[in-house]
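Results of the structural survey
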Amino acid sequence: MALTREEREQFLAEPRVAALSVASGEEGRGPLSVPIWYAYEPGGDARILTGRTSRKAELISAAGRFTLLVDRLEPTIRYVSVEGPVVDTRPATRADLEQMSARYLPAEKVAGYVDFAWENHGEQVVITLRPERWVASDLGQV
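Predicted model, so just to flag it, every value in this text is computed and none were measured.

Let us look at the overall build of the protein chain. From N to C terminus, the protein chain includes four helices and eight strands. When the helices and strands of the protein chain are placed in sequence order, the string is α-β-β-β-β-α-β-β-α-α-β-β. Its C-alpha atoms give the protein chain a radius of gyration of 16 Å, near enough to 14 Å, the size a compact globule of 142 residues would have. Considered along the principal axes of its C-alpha atoms, the protein chain spans approximately 45 × 45 × 25 Å. Here the protein chain holds 142 residues, and the buried ones make up 39% of them. For the protein chain, contacts bridging at least 24 residues in sequence account for 69% of all contacts bridging at least 6. Within the structure as shown, the protein chain displays about 8100 Å² of accessible surface, and the carbon and sulfur contribution to it stands at 51%. Charge centroids of the protein chain, computed over 17 positive and 21 negative side chains, lie 1 Å from each other.

Below is the structure:
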């Protein structure tokens, strides 16, 4: 069963790990698909953080767009996929990392993770996707 706009946006706004897919740009090779943390508020754009020189960042820059897919199995099988163009790329700040980490980690773990990541993960960028195409469904309790 298709989801309404409000249902799909609310589902995407929940703190789920997304599968990010982006064209590899290589003949005979499928897209790069990897798990990633993201941020989204209904009606807005989706944001990810990744290494400035990571393969993800390079492929997203070359393709100019990417896809995020989130799903769940309980209480019903539901998924939302959103694809669209990159509308902004900028250097990540420590505050960006803190906000993203707080979305996924228990409050008492955020500071330690941010300290570790800021020191060890290298330069990060925030990449913003403007939702353009949605595929969303609730398959019920199969």
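Further remarks concern the pattern of salt bridges. Taken as a whole and judged by the stated rule, the model has 15 salt bridges. Put simply, R72 and D138 hold a salt bridge, and the shortest N to O gap is 3.7 Å. Of this pair, R72 sits in strand 5 (residues 65-72) while D138 sits in strand 8 (residues 133-140), and the two are 66 residues apart along the sequence. Taken as a pair, R72 and D138 share a single burial class, namely buried. The residue R78 makes a salt bridge to D138 at a minimum N-O spacing of 2.8 Å. Placement of R78 in strand 6 (residues 77-91) and of D138 in strand 8 is noted, with a sequence separation of 60 residues between them. Each of the two residues, R78 as well as D138, counts as buried.

It is worth spelling out helix 3 (residues 94-104) at this point. Since the α-helix packs 3.6 residues into each turn, any two residues three or four apart lie on the same face. Three or more residues of helix 3 are buried, namely D96, L97, M100, S101 and Y104. One side of helix 3 carries all its buried residues, which in axial view fall inside an arc of 125°. Those residues of helix 3 that are buried lie in contact with strand 3 (38-40), strand 4 (46-51), strand 6, helix 4 (107-120) and strand 7 (124-129).

Membership of the largest hydrophobic core comes to 36 residues, with the highest contact counts inside it found for L12, L20, Y38, I48, F66, L68 and V80. Looking at this core element by element, the count peaks at four residues for strand 7. If we ignore the near neighbours within four places in the chain, the residues touching I48 are L20, I36, W37, Y38, I60, F66, L68, M100, V125, V126 and I127.

Once that is clear, we can look at the side chain of R78. Here R78 falls in the buried class, since its relative accessible area comes to 16%. When near neighbours in sequence (up to four residues on either side) are disregarded, R78 contacts L3, F11, V70, D71, R72, S137 and D138.

This structure, assessed with the given rule, holds three aromatic pairs. Measuring from ring centre to ring centre gives 5.6 Å for W37 and Y113, while their planes differ by 50°; the resulting arrangement is tilted. A residue pair is termed long-range when its members are at least 10 positions apart, and W37 in the loop between strand 2 (32-36) and strand 3 and Y113 in helix 4 qualify at 76 residues. Owing to a relative accessible area of 27%, Y113 belongs among the partly exposed residues under this scheme. In textbook terms, an aromatic cluster arises when at least three aromatic residues are bridged by ring pairs, as seen for W37, Y104 and Y113. For R103, the ring lying beneath its charged end belongs to Y38, and the centroid distance is 4.8 Å.

Analysis parameters
- Residues numbered from 1 in each chain as written.
- Predicted model: local features only at pLDDT ≥ 70, side-chain atom pairs only at ≥ 80, totals over all residues.
- Heavy atoms only, no water.
- Helix = DSSP H or I, 4+ residues; strand = E, 2+ residues; numbered from the N terminus.
- Rg over C-alpha atoms; globule rule 2.2 N^0.38 Å.
- Buried < 20%, exposed > 50% of the residue type's maximum accessible area, 1.4 Å probe, protein only.
- Contact = heavy atoms within 4.5 Å.
- Areas by Shrake-Rupley, 256 points an atom, 1.4 Å probe, with all protein chains shown as cover.
- Lys, Arg positive; Asp, Glu negative; His and termini not counted.
- Charge placed at Lys NZ, Arg CZ, Asp CG, Glu CD.
- Salt bridge = Lys/Arg side-chain N within 4 Å of Asp/Glu carboxyl O.
- Arc of directions from axis to C-beta.
- Core = buried A, V, L, I, M, F, W, Y, C linked by side-chain atoms within 4.5 Å.
- Phe/Tyr/Trp six-rings, centres within 6.5 Å; stacked < 30°, edge-to-face > 60°.
- Lys NZ or Arg CZ within 6 Å of the ring centre and 35° of its normal.

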